[in-house]
Structures are given as structure tokens and as C-alpha cells.
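# A closer look at the structure
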Amino acid sequence: MSAFIYSPEVRDALHQGLPIVALESTIISHGLPRPQNLRVAKEFEAIIRSEGATPATIALIDGSVCVGLSDSQLEHVATSDDVIKASTRDLGFALSQKLSAATTVAATSHIANLAGIQVFATGGLGGVHRGFLDTFDESADLEILSHTSIIVVCAGVKSILDIGATLERLETYGIAVCGYQTNDFPGFYRRKSGFTLDWQLDTAKDIADAFLSARLNSLSHAFIVANPVSAADELDLELHEKTLESGLQRAEKAGVRGKAVTPFLLEHFHTATNQESLRVNIEVVKQNARLAAQISKALFTS
Ligand code: PSU
Ligand code: MN
């Protein structure tokens, strides 16, 4: 991988050993609609700063790996049609062809880990898609997290995926999963997915301790911290079920496949719920950014 370009605040935080939280860029470029995406990308960063940690949004800009983006770089990611979605396997092509690319959970985790960043906040993980027995569509997020030592704070996986199969694959890959103050695995828009977890941790310090204990024993898998959206911000259950059903039908009918599936269904949710799912989505990432910042600080007191 070519040398990384660090923003001044991330470089200073790394030199001084201060808490840092990585943020992915695919949710900005492909997960959230314009024009709100740019404003909320800045809000995610601001929340991390307000908690006393440094945000490091990660993306490829004109063939360079950037860890921490300037205002104009963030704007580029949020507004340009030329920004592709890059998982780890795309990085070599994008870098050698000097492209700009938004990084997925997989690519962001890989880059953050190389940069020495231990905590990463996102919305929802990629996972096993419904109908995977026919398509074999399972996000590369899972395989990468099996050998990338990083804490990923998310709200579980979206119900557009096969949640049960995703949890099984997380187990197979040896990826640690705990619920924050709950043992119900959240379903992103909803606090509960119907699946429960073996581990519940109640404080940022408990999460930091578990992560560091695994590291001390040379375990290099990721730690997924499943942080449910607050009760006040959940998507209405009936609206959720209705939208999910119509979205899956439309995707099937349109023959959407591969990495286009997630953005297609997210867009459907935003339109069909009259932007209500967008509001929930933004809240989810904000709440995860806040918890991630608290965990990044707890790593230094553990
Ligand atoms: N899940 C969401 N919103 C997203 C994504 C996942 O709820 O925006 C993005 C993340 O960047 C994730 C990627 O890493 O999609 C997974 O894509 P795929 O299923 O193509 O691997
Ligand atoms: Mn896929």
C-alpha cells in the first residue's frame, strides 16, 4: 500500500497517542442521499470531537489513501459521481489508476488498522444477503473482520440482509460480537432483530478491556459492538415491515445484483418511508460515533 496521507489533526493525535475514531466513507457517498450526506458527515466528526477524540474519515482521493479528510476532500466524496465504492479487493485497482473511492467497512477497517487506529464507528455492517444460497452474496466485510483487530461500533445489520445467517457467519469467522447494554442483536432501524447475543457489555471500559484482553493473547479478529438505536428514534414497526417487503420485491424485479444491492435497497427505504428511515439512519451513526469515541478514550485507561 502506498504511504497514507494523514490530516493534520489525525497526525497529531497519532503522534501524541490520543484517542482516534475511524469513520467510513461509503455511507457518505453511497449510503446517504445528497445533499444531507455532506452535512451529516461533518456532524459525525463533530460528535467525536465533542467527546474528546479525533475523527479520521477514511477515503481514497485521486489514488492516495487519506486518513482524515479536509473539508474539500469530504465534499468531493459527498458530491462527486466519480467516487466509486471500494472494498479491500478494489484498493489496488483504485490506487494504481489514481481514482477516488469511498471505503466500505472492510476497506476502512483494513486501512484504520494499518494506521494504528483501534476504534471505528459506522451505521450497519455488510453481511449475508437474503437469497444467498442462489447468489452467494456475502459481504467481504465479514471475511476482512475475521483477521482485522479493530472495534467496530454499529447498530447490527439492516433487515434487508439475512440477519440470522449473518450472525452464523460472524461466529464461523471468529468475530467477537457483543451488545451494548443489551443482549438483543439490533436490526439497525429497530432495537431488536429477534436474535440474541451471548455477550452483553454495559460500559465503554468493559468493551475496551475485552478488546485489549483478546489482543494480549494474539487474537486478531474484530470486535463488533452492537449499539441499538435509542427507543425514541426507532422506525415504526409496521412501516419497517411494509417497506422491507416492497423493497425486496422491487430489487428482485429489477434484477439488482452484487454490490448495487445495498445502495438500491437503502434508496428504496428512504423514498418509501418519506425520509423517515433516513432520519433513523443518521441518528444511528451519530449514536455510534458517540459510543466509539467513549470506547477510544477507555482504551487509554484500561
Ligand atoms: N450497510 C448499511 N449501509 C451501508 C453499508 C452497509 O446499512 O451504507 C455499506 C458499508 O460501507 C458496508 C458496505 O461496508 O455497504 C457493504 O457492501 P457489500 O454488501 O457490497 O459488501
Ligand atoms: Mn455483495
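Small disclaimer: the values here were computed from a predicted structure and weren't measured.

## Observations concerning the nonpolar core
The biggest cluster of nonpolar side chains holds 58 residues, and the ones touching the most others in it are Val-67, Leu-125 and Leu-145. No fewer than three residues from each of domain 1 (1–117) and domain 2 (118–302) sit in this core. Not counting residues within four places of it along the chain, the set of residues in contact with Leu-145 comprises Val-105, Ser-109, Leu-125, Ile-150, Val-152, Ile-175, His-221, Ala-222 and Ile-224. Membership of the second largest hydrophobic core comes to 44 residues, among which are Ile-61, Ala-204, Leu-278 and Leu-291.

## Thoughts on the pattern of salt bridges
When their charged atoms lie close together, side chains carrying opposite charge are able to pair. The final tally for this structure, using the stated rule, is twelve salt bridges. Here Arg-290 and Glu-51 are joined by a salt bridge, their closest N and O atoms 2.9 Å apart. In this pair, Arg-290 is assigned in helix α13 (residues 276–298) and Glu-51 in the loop between α3 (36–50) and β3 (54–61), connecting sequence segments 239 residues apart. Judged by relative accessible area, which is 16%, Glu-51 ranks as buried. For Asp-184, the salt bridge is made with Lys-192, and the minimal N-O distance between the two is 3.7 Å. Each of Glu-9, Glu-45 and Arg-49 takes part in a single network of salt bridges with overlapping partners.

## Here we look at the site of ligand 1
Around ligand 1, the surrounding shell holds 16 residues, and the nearest of these are Glu-24, Val-105, Ser-139, Asp-141 and Lys-158. Lys-85 places a side-chain nitrogen or oxygen 2.9 Å from an oxygen atom of ligand 1. Ser-139 places a polar side-chain atom, nitrogen or oxygen, 2.7 Å from an oxygen atom of ligand 1. The protein chains hide 92% of the 470 Å² of surface that ligand 1 would expose on its own. Spatially, ligand 1 is embedded in the largest pocket. Secondary-structure elements contributing two or more residues to the shell around ligand 1 are α2 (26–31) and α12 (261–272). Inspection of the shell around ligand 1 shows a minimum of three residues originating in each of domain 1 (1–117) and domain 2 (118–302).

What counts, and where the lines are drawn
- Residues numbered from 1 in each chain as written.
- Chains lettered and ligands numbered in written order.
- Predicted model: local features only at pLDDT ≥ 70, side-chain atom pairs only at ≥ 80, totals over all residues.
- Heavy atoms only, no water.
- Core = buried A, V, L, I, M, F, W, Y, C linked by side-chain atoms within 4.5 Å.
- Buried < 20%, exposed > 50% of the residue type's maximum accessible area, 1.4 Å probe, protein only.
- Domains from an automatic or database assignment.
- Contact = heavy atoms within 4.5 Å.
- Salt bridge = Lys/Arg side-chain N within 4 Å of Asp/Glu carboxyl O.
- Helix = DSSP H or I, 4+ residues; strand = E, 2+ residues; numbered from the N terminus.
- Near = heavy atom within 4 Å.
- Polar contact = N/O pair within 3.5 Å; in protein donor to acceptor, adjacent residues only side chain to side chain.
- Areas by Shrake-Rupley, 256 points an atom, 1.4 Å probe, with all protein chains shown as cover.
- 1 Å grid on protein atoms, 1.4 Å probe; cavity = no way out; pocket = protein on both sides within 12 Å on 5 of 7 lines; lining within 4 Å.
- Sits in = over half its atoms within 2 Å of the grid points.

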